[in-house]
Amino acid sequence: MAPVTIRATDVVALPMGEFTFAPDWPYPYAGQTGVVVAYAVRHPGGVFLFDTGFAAAAPDLVEFYARWAVRPRDLAEVLGEAGIGIGDVTALANCHLHLDHAGQNDRFPGIPIHVQRLEWAAAHEPDYTFLETIDFAGASYEQLEGDHEVAPGIRLVPTPGHSPGHQSLVIDAAGGPLLLVGQAVYSHGEWIGLDDAREGASSAADGQAYASSVARLRALNPKRVLFGHDRRGWPS
Ligand SMILES: [Zn+2]
Ligand SMILES: [Zn+2]
């Protein structure tokens, strides 16, 4: 059987909303607009979704959303703009379970959601995330320990650092590996090593793991890299 090759055009960026960095955040963040980007990957077996964006505004989120001026977008609407129905999604994963990446998981009862075991444990610690939309009735999580092929030519690899069970998606695309790195690398600027880039290294929960994960991603020799907090991919 011929290997499955996915075209770069089968990977669709989903703009899931914006926020404004709080004024007390260090340079170069304070006052800037931040973005959250999820991705849909069309493949012969269906549509694989990587991240679900911010949770919709809820009473428990009012304070946090006001502080960060969070402007969430509805996943069904964003998918619709890309010509994808929410019912077309056959499986999904989140880079990690913070509420800006896993906030609309509850749209997918009965659909497999791939999560690293360490991330699932972290999400159930106090003050980690907004669990209501993550650990929901009908949820069908598949807990992983390490690399996992979710469909031919598409695999999850652990990239801890920002969070304990962070993972990235490696796609065997025509021309070379295409990486969806979520928040393993914060931005295009961080990937290319700009001094004043918005970068995740300095705020990572585990800086050593973060650096090792970036090294692992670079060793994959990617042809293209797409980020969870930057609309600009590499190369741009
Ligand atoms: Zn996070
Ligand atoms: Zn994030």
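Look up: the structure comes first, before these words.
Each value, and the rule that gives it
Residues numbered from 1 in each chain as written. Chains lettered and ligands numbered in written order. Predicted model: local features only at pLDDT ≥ 70, side-chain atom pairs only at ≥ 80, totals over all residues. Heavy atoms only, no water. Donors = N, O, S within 2.8 Å, 3.2 Å for Na, K, Ca; no water. Helix = DSSP H or I, 4+ residues; strand = E, 2+ residues; numbered from the N terminus. Buried < 20%, exposed > 50% of the residue type's maximum accessible area, 1.4 Å probe, protein only. Tetrahedral: all angles 85-135°; square planar, octahedral: opposite > 155°, others 65-115°. Contact = heavy atoms within 4.5 Å. Pairing = 2+ DSSP bridges. Axes fitted to C-alpha atoms, helices over the stretch in contact; angles between N-to-C directions. Salt bridge = Lys/Arg side-chain N within 4 Å of Asp/Glu carboxyl O.

### What about the coordination of the zinc ion (ligand 1)?
For a metal with four tetrahedral donors the ideal donor-metal-donor angle is 109.5 degrees, whereas six octahedral donors ideally subtend 90 or 180 degrees.
So, point 1. At this site the zinc ion (ligand 1) is bound by His96 (NE2), His98 (ND1) and His162 (NE2), with donor distances of 2.0 to 2.1 Å.
So, point 2. In the primary structure, the donors to the zinc ion (ligand 1) are separated according to the pattern H-x1-H-x63-H.
So, point 3. For the pair the zinc ion (ligand 1) and the zinc ion (ligand 2), the metal-to-metal distance amounts to 3.8 Å. Here His162 lies in the loop between strand E9 (154–158) and strand E10 (167–173) and His96 lies in the loop between strand E5 (89–93) and strand E6 (112–116), a separation of 66 residues in the sequence.
So, point 4. Overall, the relative accessible area of 1% leaves His96 in the buried class.
So, point 5. Look at His162 and you get buried, because its relative accessible area is 16%.

### Observations concerning the coordination of the zinc ion (ligand 2)
So, point 1. Protein coordination at the zinc ion (ligand 2) comes from Asp100 (OD), His101 (NE2), Gln183 (OE1) and His229 (NE2), with a distance range of 2.1 to 2.2 Å.
So, point 2. Coordination geometry of the zinc ion (ligand 2): the four donor atoms subtend angles of 91 to 170° at the metal centre, consistent with an arrangement described as irregular.
So, point 3. On the primary sequence, the residues serving as donors to the zinc ion (ligand 2) are separated as D-H-x81-Q-x45-H.

### Concerning the side chain of Asp10
So, point 1. Locating Asp10 in the fold gives a position in the segment before strand E1 (11–20).
So, point 2. The exposure class of Asp10 is buried, given its relative accessible area of 11%.
So, point 3. Not counting chain neighbours up to four residues away, the residues in contact with Asp10 comprise Ala40, Val41 and Arg42.

### Observations concerning the sheet that holds E9
So, point 1. Taken together, the five strands give an open sheet; going across it, the order is E8-E9-E10-E11-E12, and neighbouring strands pair in mixed fashion. Whereas interior strands pair on both sides, the edge strands pair on one side only; in this sheet they are strand E8 (148–151) and strand E12 (224–226). Averaged over neighbouring strand pairs, the angle between their axes works out to 25° when direction is ignored.
So, point 2. Pairing geometry for E9 and E10, over five bridges, is antiparallel. When the bridges of E10 are listed, Pro158 appears paired with Gln167.

### Quick look at the pattern of salt bridges
So, point 1. Inspection of every chain in the model, using the stated rule, returns nine salt bridges.
So, point 2. Ionic pairing is found between Arg231 and Glu18, a salt bridge with its closest N-O pair at 2.7 Å. Of this pair, Arg231 sits in the segment after E12 while Glu18 sits in strand E1; the two residues are 213 residues apart in sequence, bridging distant segments of the chain.
So, point 3. According to the relative accessible area criterion, Arg231 is exposed, its value standing at 54%.
So, point 4. Linking Arg107 and Asp74 is a salt bridge whose minimum nitrogen-to-oxygen distance equals 2.5 Å. One end of the pair, Arg107, is in the loop between E5 and E6; the other, Asp74, is in the loop between strand E4 (71–72) and helix H2 (75–81), and 33 residues separate them in sequence.
So, point 5. Using a relative accessible area of 33% as the deciding quantity, one classes Arg107 as partly exposed.
So, point 6. On the basis of relative accessible area, Asp74 is assigned to the partly exposed category, the value being 30%.
So, point 7. Connected via shared salt-bridge partners are Glu18, Arg71 and Arg231.

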